[in-house]
Every structure is written in C-alpha cells, then in structure tokens.
Amino acid sequence: AAPGAPPRSASALPVLAAGVVAAMHVGKLPPALPDIRDSLQMELVTAGFLVALFQLGSAVIGIMGGALADRFGPRRAQLCGLVLLGLASIGGAGADSPAAALAWRAVESVAFIMSVLPGPRLIARAVDPGTMSRWMGLWGAYMPVGFALALVAMPWLLEAWGWRGSWILAGVLSFGCAAAILRYVPADGGRSSPAAALGPLLRETVRLPGPWLLSLCFGFYAGQFIAIFSFLPTIYEESGMDPGLVGVLTAVAVAVNALGNIAAGRLLHGGASPPALIATATLVMIACEWLAFGSGLGFTGRYVSVVMLSLVAGVIPGTLFACMPRYAPRPEAVTTTVGLVQQGAGMGQVLLPPLVAWVAAASGGWSLTWAVTGAFALAVLVLAGLLALHERRAGHGGRGGSAE
C-alpha cells in the first residue's frame, strides 16, 4: 500500500458490516412476531413459517447463487443483494395479510443470501492468507451480532414506530451498506471471470464430499439455533415478562454466540481439529438444550443454560466458515462452495422452526423443544465423525491443508 493509504484489510470491514446488517433482517422478526400476529391475524404455525421463510433463498438457490457470484463478481453480487434487501423490507412494511407478509419475507430471503454469500471471498481477497482463520471467525459472527443488535433495538423501535416503521428503517440501513461497499470495496474488474464458467464451478464443487459434509453440518446446526432464538422472545413474553427486558435478555444470549465464532478462528489458527471442535460444541449444546427446556429448572438456571448454549454453539459456524475456502475445489469456486454450505443451513432453518412451533402447539408448551433440537444435534455429532474421517483421507490437518 502507498504511504498514508489505509491497509488492504480495511476493505474487509464494509463487508463485515454488510453481513451484520443483513443479519439484522433476521433478528428484527422475533420481537415483532406478537405485533405482526395481532396486526395480520396470524396463527402460531404460520408465524413459524414466517420465521423459516427467511431461509428459503438459502435453501433453494444457495449453490446457484454462489456460482453466479463467482461468475459475475462477488462485489456486484453483494451490492445487488443489499439493494434488493432494502426494497423487500420496505415492501414488507406494507403487507396487509399473512400471505403478503410471507411473500415479502420470501423475497427478503433471496436478497439475504445474495448479500452474505460473497462475504468470505471478498474478505479472502482483502486480507493476508495467514490471517484467514481469524477473519473467518469474525465473519462467522455476523449473524449473532446483527441478530442481537436487532433484538436490543426492536422493542424501542416497535414502541416508537411500530413494526412497519421498523421494517422501513431496516431497508434504509441496507441501502447505506450498499453505498459503503460501492465506496470502499475494490471493484471486481471485468464484467465476469472467464475462469468461472457456471457449469464447471457447480460440477467441481458438488463432486467433492467435503463441501457436502460442511453443508449438512451447517444445516443441522443452524436449524437448532434459529428455532431456539427466534421463539425465545415469544416464550418469555408468554410468561408475562416485559418486552423490553425480553429483548435485552434474548440479545445477550444471541450476542455471546459471536464470542464462540471468534474463539473458533483463534483455536483453528492454533492448530485445533475442526471435527473435534464441532463434536465438543455439539455435546454441550445437547446438554444445554435439555437444561433450558426439559429439566424443570427455575428461570435463572434455564437462562444461564441458553446463554451457555449460544456461547459454545458459536464455535460451529466459526469452524465451518474457516474450512470453506480450503474445501473449495479452487479459489474461483469459494463462493460456490459457500453457497452449497449456506443452502444446507437454509434447509435446516426452513424445516426446524415450523416443526418446533407444531410440537409446542400440539403439546401446549415448549417443554419438548429440546427433544426436537436434540435430534438435530445428534445428526451433527454423526457428521463430525464423518468429517474427521474425511480430513484424514484428504490430508487436512488442524488449520492447514489446501483445497481438495
């Protein structure tokens, strides 16, 4: 860099900010669910689908979206995603029926995946390779940080502007992030990358077992996280707690997940085994899910269990994001690989919230939540074992290794 010029890694900061703002569109919904249900006469199970629909884009177009971003440039893809996210949020503010709310949420889901898929590749081209694990740990924290910020702000925004005004504000923030990307992140270059034809990108990625294992692992993890923390405000408000306090307690529980993400980056940089980190975190999650929902502990014990669950669970996405660049078949296919993994995450987040809501409605409470999420956690344990076998066969060790 020229003397006095900002460091090259500075261009990664607007990318991180874009991820956080995109995640705020996930976190804006849980505190607003009671108001939206009252406003639109929405049933609990329909509300579960409203939660799940935000991941529809990931579930349906994840790998194709990643391939398109690799083909036409990650910066262009992120800009388009942020602008569409802003437009969809403002459009959703005008919804006058459950069907309209679901439709706009589906559009937001496509915009969200377009906004976050390019993040790892944009960061990779902005930072030194030796610091990638730590930067990917930071990137993995975009979801809990954005989710938590929205949870803290929404109770006050709802009181001042209602949920519709809050949706408009979220849209404006997305436009602001797009402007920052346009100003501070270097352009992609030509109109598209000749080395990144769609067919080869897709074929090379899907034929490798590593990206599939990461995708399934992320799916079973993300389904648990979004189901627990999307309904936590509803659970607390049903017990008669003040909405402002509910927002703060839920935000604290979600925010500590970012510490787990950051810790994963540091542990991997120090040589820790990715499958061991995933398996250990999953075992703690299973125990905490039972303590939080099925044990009969008092409120303090249940809340501490939720916080511990979130903290340790953050190790899993931090580990998975750090693995993605070296599991890609080649550097030009990193976003395609991220797309496949995000597609798995989207599937898990589409499936589990409605299932948890259905079990709660059928059983008359939330005490069986741990059994549903625990089944997903057991699947992560199995996948961690398969990932360990794959690491040995592919020659990956600790944080090292190259693309497969």
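Residues numbered from 1 in each chain as written. Predicted model: local features only at pLDDT ≥ 70, side-chain atom pairs only at ≥ 80, totals over all residues. Heavy atoms only, no water.

So, about the packing of helix α1 (residues 12–27) against helix α9 (residues 142–184). Two numbers describe how α1 lies on α9: the axes approach to 7 Å, and their chain directions differ by 150°. The angle between α1 and α9 places the two elements in the roughly antiparallel class. Read as a crossing pair, α1 and α9 show a hand that is left-handed. When the residues that make up the contact of α1 with α9 are grouped by side-chain class, the tally is 22 nonpolar, six polar and no charged. (Axes fitted to C-alpha atoms, helices over the stretch in contact; angles between N-to-C directions. Helix = DSSP H or I, 4+ residues; strand = E, 2+ residues; numbered from the N terminus. Parallel < 35°, antiparallel > 145°, perpendicular 65-115°, else oblique. Left-handed = near helix turned anticlockwise from the far one by under 90°. Nonpolar A, V, L, I, M, F, W, Y, C, P; charged D, E, K, R; others polar.)

What follows concerns a nonpolar patch on the surface. A contiguous nonpolar surface patch, about 380 Å² in accessible area, is contributed by V45, F49, L355 and W358. For the nonpolar patch, the secondary-structure elements that each account for two or more residues are α3 (44–53) and α16 (334–363). When you line up the elements, L355 lands in helix α16. (Patch = residues over 30% accessible without salt bridge, like charges linked within 9 Å, V, L, I, M, F, W, Y side chains within 5 Å. Areas by Shrake-Rupley, 256 points an atom, 1.4 Å probe, with all protein chains shown as cover. Salt bridge = Lys/Arg side-chain N within 4 Å of Asp/Glu carboxyl O.)

Bringing empty space enclosed by the protein into the picture now. Per the counting criterion, the structure on display carries four cavities of 30 Å³ or more. Size it by volume and the largest cavity reaches roughly 180 Å³. What lines the largest cavity is a set of 18 residues, among which M143, F218, Y221, A222 and Q349 lie closest to the centre. Of the residues belonging to the lining of the largest cavity, the class tally is 12 nonpolar, six polar and no charged. (1 Å grid on protein atoms, 1.4 Å probe; cavity = no way out; pocket = protein on both sides within 12 Å on 5 of 7 lines; lining within 4 Å. Points joined across faces, edges and corners; volume = space filled by probe spheres on them.)

Its location among the elements puts G19 in helix α1. Looking at G19, the relative accessible area reads 0%, which means it is buried. For the pair G19 and D70, spaced 51 residues apart in the sequence, the C-alpha separation amounts to 18 Å. Each residue touching G19, except ones within four places of it in the same chain, is listed here: V116, W139 and Y142. (Buried < 20%, exposed > 50% of the residue type's maximum accessible area, 1.4 Å probe, protein only. Contact = heavy atoms within 4.5 Å.)

Under the defined criterion, the tally for this structure stands at nine aromatic pairs. Considering the side-chain rings of F218 and Y221, the 6.2 Å spacing of their centres and the 35° angle between planes classify their relative orientation as tilted. Of this pair, F218 and Y221 both sit in helix α11 (residues 209–238), three residues apart, roughly one helical turn. Aromatic side chains F220 and F376 sit 5.2 Å apart centroid to centroid with 75° between the ring planes, which places their arrangement in the edge-to-face category. Of this pair, F220 sits in helix α11 while F376 is found in helix α17 (residues 369–394), placing the two residues 156 residues apart along the sequence. Overall, F376 belongs to the buried group, its relative accessible area being 14%. Through a chain of ring-to-ring contacts, the aromatic side chains of W139, Y142, F147, F218, Y221, F225 and F321 assemble into a single cluster. (Phe/Tyr/Trp six-rings, centres within 6.5 Å; stacked < 30°, edge-to-face > 60°.)

Another aspect to go through is the pattern of salt bridges. Oppositely charged side chains are able to pair whenever their charged atoms sit close together. For the structure on display, the rule yields four salt bridges. Here K28 makes a salt bridge to E108, at a shortest N to O gap of 2.9 Å. In this pair, K28 is assigned in the loop between α1 and α2 (29–40) and E108 in helix α6 (residues 98–116), connecting sequence segments 80 residues apart. What makes K28 buried here is its relative accessible area of 2%. Overall, the relative accessible area of 2% leaves E108 in the buried class. Between R326 and E391 there is a salt bridge; the shortest N-O distance is 3.4 Å. Here the residue R326 occupies a position in helix α15 (residues 315–327), and E391 occupies one in helix α17, the gap between them amounting to 65 residues.

A separate point is the packing of helix α13 (residues 274–294) against α17. Following both chains from N to C, one finds α13 and α17 inclined at 170°, their axes separated by 9 Å at the closest point. In terms of axis orientation, α13 runs roughly antiparallel to α17. Of α17, the residues touching α13 (which contributes P274, P275, I278, A279, T282, L283, I286, E289, W290, F293 and G294) are T369, W370, T373, G374, A377, L378, V380, L381, A384, L387, A388 and E391. Among the residues forming the contact of α13 with α17, the class breakdown is 16 nonpolar, five polar and two charged.

So, on to the side chain of N257. Its place among the elements puts N257 in helix α12 (residues 243–269). Residue classification places N257 among the buried positions, given a relative accessible area of 1%. Setting aside its immediate chain neighbours within four residues, N257 contacts P144, Y221, F225, S310, L311, A313 and G314.

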